[in-house]
Amino acid sequence: MNKWIRAMLVGSVAIAAGAGCAAIASAQSPPQQTPRGWNYELKDGQRVPKGNRVTNADGSWREEVRQGNCVTIKEKSASGEYRETRQCDPS
């Protein structure tokens, strides 16, 4: 009976050590990239838009998002009118 208790104790210590090493390895790995289709990135646990958005005092804004050799320009006026254009330069 004493052998079984020792075997169980050694086994549980080995499992705990393995889990601890896995946790340390995952904490040291670099952060994951945001998937390609998403329109934001995760930085410090917060969502940050991928594009360069400029917001004006009147509430209007303009954002440029680059995807490869294409540029998507999103604009919204102070009156709420939204416009989106896309230009691609063949290279």
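As a reminder, the structure under discussion sits directly above these lines.
What this report covers is the structure whose coordinates are included nearby.

Rules used in this analysis
Residues numbered from 1 in each chain as written. Predicted model: local features only at pLDDT ≥ 70, side-chain atom pairs only at ≥ 80, totals over all residues. Heavy atoms only, no water. Helix = DSSP H or I, 4+ residues; strand = E, 2+ residues; numbered from the N terminus. Buried < 20%, exposed > 50% of the residue type's maximum accessible area, 1.4 Å probe, protein only. Areas by Shrake-Rupley, 256 points an atom, 1.4 Å probe, with all protein chains shown as cover. Polar contact = N/O pair within 3.5 Å; in protein donor to acceptor, adjacent residues only side chain to side chain. Contact = heavy atoms within 4.5 Å. Phe/Tyr/Trp six-rings, centres within 6.5 Å; stacked < 30°, edge-to-face > 60°. Lys NZ or Arg CZ within 6 Å of the ring centre and 35° of its normal. Disulfide = S-S within 2.5 Å.

**Here's the deal with the overall build of the protein chain**
So, point 1. Along the protein chain, the regular secondary structure elements total one helix and six strands.
So, point 2. Along the protein chain, helices and strands appear, N-terminal first, in the series α-β-β-β-β-β-β.
So, point 3. Per-residue burial over the protein chain gives 14% buried out of 91 residues.
So, point 4. Total accessible area on the protein chain is roughly 8,000 Å²; 55% of this is exposed by carbon and sulfur atoms.

**Quick word on the side chain of E75**
So, point 1. On the secondary structure map, E75 appears in strand β5 (residues 70-76).
So, point 2. Side chain to side chain, E75 and R62 meet in a polar contact 2.8 Å long.
So, point 3. Excluding residues that lie within four positions of it along the chain, E75 makes contacts with W61, R62, E81, Y82 and R83.

**Description of the packing of aromatic side chains**
So, point 1. Under the criterion given, the structure shown has one aromatic pair.
So, point 2. Consider the rings of W61 and Y82, whose centres lie 6.2 Å apart with planes at 55°: the pair is tilted. Remark: Y82 occurs in strand β6 (residues 82-88) and W61 occurs in strand β4 (residues 61-67); sequence separation between them is 21 residues.
So, point 3. Positioned above the aromatic ring of W61, the side-chain terminus of R53 is 3.7 Å from the ring centre.

**Regarding the state of the cysteines**
So, point 1. With the rule as written, the count across this model stands at one disulfide.
So, point 2. Here C70 is linked by a disulfide to C88, with a sulfur-sulfur distance of 2.0 Å. What sets the handedness of the C70 and C88 disulfide is the S-S torsion sign, and at about 110° it is right-handed. Of the two residues, C70 sits in strand β5 while C88 sits in strand β6, which places them 18 residues apart along the sequence.
So, point 3. The class of C70 is buried, set by a relative accessible area of 8%.
So, point 4. We classify C88 as partly exposed; its relative accessible area is 43%.

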